Amino acid sequence: MLLFRVMMFTAVVAAAAWTPVRVHAEPRAQARASLLPLSDQDERSTQETGCTSTFTVGGHDYLQLVGTELLLRDRQGLQSCRLTTVETDDLETGRGTVSCSGYRLRIRSSGKATSNLASDSSSRRAVLTIDRGGVATSMRGIWGVAC
């Protein structure tokens, strides 16, 4: 009887340990898959001018900010949002989140910036946090600015 109780306790603890992993893994995977890389045509579609900032992962841009226009692509297609100057500054500096097409986005830069004076550009490592409907996920990449 004691052996049966020990086996049942072990089974319950093991099941409880694995259950949260499966419950939380699926929504995070869906949130990450909700942003798709921008195409070259997407990036040329803006009517804004000025400095261009991009969030890049593995050679693909997932966000582009030109002036005050933020571009992203999801399963519904290309999304374009006009930000205020304050929101643009918040996104650029990582001080706050911005909303675009149902997403709450925040970029936090870290590490030393790499600058190129000839092209008036700089880049640094960054983490993009994406929150949609209370499900948040993060992507590690490069936040680059060119003026």
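Preceding block: the structure.
Residues numbered from 1 in each chain as written. Predicted model: local features only at pLDDT ≥ 70, side-chain atom pairs only at ≥ 80, totals over all residues. Heavy atoms only, no water.

Chemist: Is there a simple way to explain the overall build of the protein in this structure?
Modeler: Tallying secondary structure elements over the protein gives three helices and nine strands in all. In sequence order, the protein lays out its α and β elements as α-β-α-β-β-β-β-α-β-β-β-β. Expressed as a percentage of the 147 residues in the protein, the buried residues total 29%. Considering only intrachain contacts with a sequence separation of at least 6, the fraction spanning at least 24 residues in the protein is 44%. (Helix = DSSP H or I, 4+ residues; strand = E, 2+ residues; numbered from the N terminus. Buried < 20%, exposed > 50% of the residue type's maximum accessible area, 1.4 Å probe, protein only. Contact = heavy atoms within 4.5 Å.)

Chemist: Explain the pattern of salt bridges here, please?
Modeler: Think of it this way: side chains of opposite charge can pair up when their charged atoms draw near. Under the counting rule described, the total for this entry stands at five salt bridges. Between Asp74 and Arg132 there is a salt bridge, and its shortest N-O distance comes to 3.6 Å. With Asp74 in strand S4 (residues 69–74) and Arg132 in strand S8 (residues 121–132), the pair connects residues that are 58 residues apart, well separated along the chain. Classification of Asp74 as buried rests on a relative accessible area of 3%. Taking relative accessible area as the criterion, Arg132 reaches 35% and is therefore assigned partly exposed. A cluster of three or more residues bridged by salt bridges with shared partners is formed by Glu48, Glu69 and Arg82. (Salt bridge = Lys/Arg side-chain N within 4 Å of Asp/Glu carboxyl O.)

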